[in-house]
Amino acid sequence: MRSAALAVVEYLLGFLALALFAFLAFGGGPATDDRLLFAFKVAAPVAVVELAVLFRRAAPANRLILGANLWLAAGGLAAALQQWWWLKGYQQLGEAGLFIFMAFVGLVTTAFSRAGFVAAVGPRRPVVLASLVLLAAVLLALLAAVYFRGDVKFAAVIPVIALSWFNRLLRRTVRPRG
């Protein structure tokens, strides 16, 4: 029971920076440039703290959270340094930018990490297969983000939640039986 409670707390804290960003940017209706800048400047430090916590853990870090926090940290850095070209790119991509970061993390971790994109310790073949399935799911989320661009609920919130739960399901398929 205690491990289940810790998993729920970790899950909620893992996406805290992203939830904070969404609240600050979109909580008062359609995002304005000023609200987006403010949201990046406030949520990016939280994302950096979350990244530090993820990397200090002994267990493999949740790659979806890693991708989301890298997206936020890059946006926050661009906002702080007034790199308008980078922020303009974020604006052009919309919600899809988040899933592009997740897909990049997925490719790198599938190729170079024992735990793969699913962040599960197990035999290499099941890890790679589960990671490829999760990567395909991220690409579907990317398509949803493009299709529903501007509708944060359908372009980002629901796909992120679905990916998170799908990742948990895939991790269970990788663990050795016994």
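Structure shown above.
Residues numbered from 1 in each chain as written. Predicted model: local features only at pLDDT ≥ 70, side-chain atom pairs only at ≥ 80, totals over all residues. Heavy atoms only, no water.

Draft legend 1. Region of the structure containing the overall build of the protein. Helix and strand content of the protein: eight helices and zero strands. Listing each helix as α and each strand as β along the protein from the N terminus yields α-α-α-α-α-α-α-α. In terms of C-alpha radius of gyration, the protein reaches 16 Å, essentially the compact-globule figure of 16 Å for 178 residues. Taken along the three principal axes of its C-alpha coordinates, the protein extends 55 × 30 × 30 Å. For the protein, the share of sequence-separated contacts (at least 6 apart) that also reach a separation of at least 24 residues comes to 64%. (Helix = DSSP H or I, 4+ residues; strand = E, 2+ residues; numbered from the N terminus. Rg over C-alpha atoms; globule rule 2.2 N^0.38 Å. Contact = heavy atoms within 4.5 Å.)

Draft legend 2. Layout of a nonpolar patch on the surface. A surface patch of nonpolar side chains, amounting to about 710 Å² of accessible area, comprises Y147, F148, F154, V157, I158, I161 and W165. In this structure, Y147 sits in helix α7 (residues 124-147). (Patch = residues over 30% accessible without salt bridge, like charges linked within 9 Å, V, L, I, M, F, W, Y side chains within 5 Å. Areas by Shrake-Rupley, 256 points an atom, 1.4 Å probe, with all protein chains shown as cover. Salt bridge = Lys/Arg side-chain N within 4 Å of Asp/Glu carboxyl O.)

Draft legend 3. Examining unusual backbone geometry more closely. Phi angles above zero are rare outside glycine, and Q82 is one such case at about 55°. Checked against the element boundaries, Q82 lands in the loop between α4 (63-80) and α5 (84-93). A relative accessible area of 52% means that Q82 is categorised as exposed. We note that A119 has phi near 60°; this positive angle belongs to a residue other than glycine. (Buried < 20%, exposed > 50% of the residue type's maximum accessible area, 1.4 Å probe, protein only.)

Draft legend 4. Spatial organisation of α7. In a regular helix each residue adds 1.5 Å, so 24 residues correspond to 34 Å; α7 covers 34 Å between its end C-alpha atoms and thus fits that length. Along α7, the residues classified as buried are V127, A130, S131, L134, L135, A137, V138, A141, L142, A144 and A145. Elements that come into contact with the buried residues of α7 comprise α4, α6 (96-112) and α8 (152-174). (Expected span 1.5 Å × (residues − 1).)

Draft legend 5. Representation of the packing of helix α2 (residues 16-26) against helix α3 (residues 33-56) in the model. It is at 8 Å that the axes of α2 and α3 come closest, and there the two elements cross at 170°. In this view, α2 runs roughly antiparallel relative to α3, as classed from their interaxial angle. Within the contact between the two elements, α2 uses L16, A17, L20, F21, L24, A25 and F26 and α3 uses R35, L36, F38, A39, F40, V42, A43, V46, A47 and E50. (Axes fitted to C-alpha atoms, helices over the stretch in contact; angles between N-to-C directions. Parallel < 35°, antiparallel > 145°, perpendicular 65-115°, else oblique.)

Draft legend 6. Main features of the packing of α5 against α6. α6 packs onto α5 with a crossing angle of 100° between their chain directions and a minimal axis gap of 7 Å. In terms of their interaxial angle, α5 and α6 are classed as roughly perpendicular. Across from W86, Y90 and L93 in α5, the residues of α6 making contact are A96, G97, I100 and F101. Along the lines of polarity and charge, the residues of the contact of α5 with α6 split into six nonpolar, one polar and no charged. (Nonpolar A, V, L, I, M, F, W, Y, C, P; charged D, E, K, R; others polar.)

Draft legend 7. Quick peek at the packing of aromatic side chains. The full count for this structure, using the stated rule, is 11 aromatic pairs. On the basis of an interplanar angle of 85° and a centroid distance of 5.4 Å, the ring pair of F21 and W71 is categorised as edge-to-face. Of the two residues, F21 is situated in helix α2 and W71 in helix α4; the sequence distance between them amounts to 50 residues. There is no split in this pair, since F21 and W71 are both buried. Three or more aromatic residues link up through ring pairs in this structure, and these residues are F21, F26, F40, W71, W85, W86, Y90 and F101. Across the ring face of W165, the terminal group of R168 is positioned such that the distance to the ring centre comes to 5.9 Å. (Phe/Tyr/Trp six-rings, centres within 6.5 Å; stacked < 30°, edge-to-face > 60°. Lys NZ or Arg CZ within 6 Å of the ring centre and 35° of its normal.)

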